[in-house]
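One letter stands for each residue in the lines below.
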Amino acid sequence: MNDLAEKLPLTGEPPADEAPKQRGERRFDWWGEAKGLFWLILAVLGFHSFIAKPFYIPSESMLPGLEVGDRLVVSKYAYGWSFVSPTIPNPAAMFKGAVLHQPVESWSFQLPAWRGRVWGAMPKRGDVVIVTPPGQTSDYIKRVIGLPGDTLEVRAGTVILNGKPVLRGPTHYKDLPVDLNATCDPWQYPEAKITRADGVTVCRLPIVTETLPNGRRFDTVELGTSPGDYYGPVQIPEHHVFLMGDNRDRSADSRFALGGSEKGLGGPVPWENIGGRAEFITFSVDGSATINPLSWFGSLRSGRAGISLHPEETR
């Protein structure tokens, strides 16, 4: 017993050969956590680049179907992949936009432009697509109106494709709720902001339903005379598409010069600049949310989640 007692530690500490092992078990594995975070970020970026990504509606150019504050899903694989497909974060731009609140064109880097698409497919007439204007990095959302080989012109607000006017229904009106994200600016929509008999304030917009030659139809806002009411005619080159916003008199699209004060798309857009197809709305917010999480649910607009962005088929 005396020999055994002499061999046991008297201080209650573990034997010397076990101490390093126990201390190592308590050490935080920074390298392992960093690797796990790296692979997680890579998986998310890969999904956003090749499968689908979220998109936020920042403008009213696609009224009445899409409102400021709508969040939607864009499929990246619908037309194949091009140089605008990958999502590559730009930390400097993110810091300027999120922390310094400085205007930035995009929070992402863009790869050098190349011609063609991987497993490319041409959009269908009537698709709602995300497009990056040539030479820029910001994303627009517009509707495909003209395809390669089409001759397109606009006369008195009517789109004419290959010599035939696009079918337009009678003018009717639609009431859109007014909130912090949809203010119904009187400069943009004169006399449209009204209070109904039920006490609800709405933006009452004149609507014209268009039906494209392939039978796909959708609503457009028709406010009257505007610079975009007359355009062309132009013939759309191979591998190009002509894009227009549904809010016809308040949309910078293929009818307007690229960049500058007009901030348009500069005519038909190369199909390489199409980033994906808009699929459906996930949720929509009215702009009333604050940093208080309790306000987040109250800012959700009812009835918009799940709305498909594929146009109605009439045949």
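Heads up: these notes are all about the structure in this document.

Parameters at a glance
Residues numbered from 1 in each chain as written. Predicted model: local features only at pLDDT ≥ 70, side-chain atom pairs only at ≥ 80, totals over all residues. Heavy atoms only, no water. Disulfide = S-S within 2.5 Å. Helix = DSSP H or I, 4+ residues; strand = E, 2+ residues; numbered from the N terminus. Buried < 20%, exposed > 50% of the residue type's maximum accessible area, 1.4 Å probe, protein only. Pairing = 2+ DSSP bridges.

Overview of the state of the cysteines
Two cysteines form a disulfide when their sulfur atoms are joined by a covalent bond.
No. 1: This structure, assessed with the given rule, holds one disulfide.
No. 2: C184 shares a disulfide with C203; S-S distance 2.1 Å. Judged by the sign of its S-S torsion, about 65 degrees, the cystine formed by C184 and C203 is right-handed. Here C184 is found in the loop between strand 11 (172–177) and strand 12 (193–195), whereas its partner C203 is found in strand 13 (residues 201–211), with 19 residues between them in sequence. Considered together, C184 and C203 belong to a single accessibility category, that of buried residues.

A look at the sheet that holds strand 8 (residues 158–161)
No. 1: Spatially, 9-8-7-15 is the arrangement adopted by the four strands of the open sheet, whose pairing is antiparallel. Strands at the two margins of the open sheet, each flanked by one partner only, are strand 9 (164–165) and strand 15 (231–235).
No. 2: Strand direction decides the pairing type here: strand 7 (residues 151–155) and strand 15, joined by three bridges, are antiparallel. What sits directly across from T151, in strand 15, is Q235.

All quantities given are derived from atomic positions and should not be read as evidence of function.
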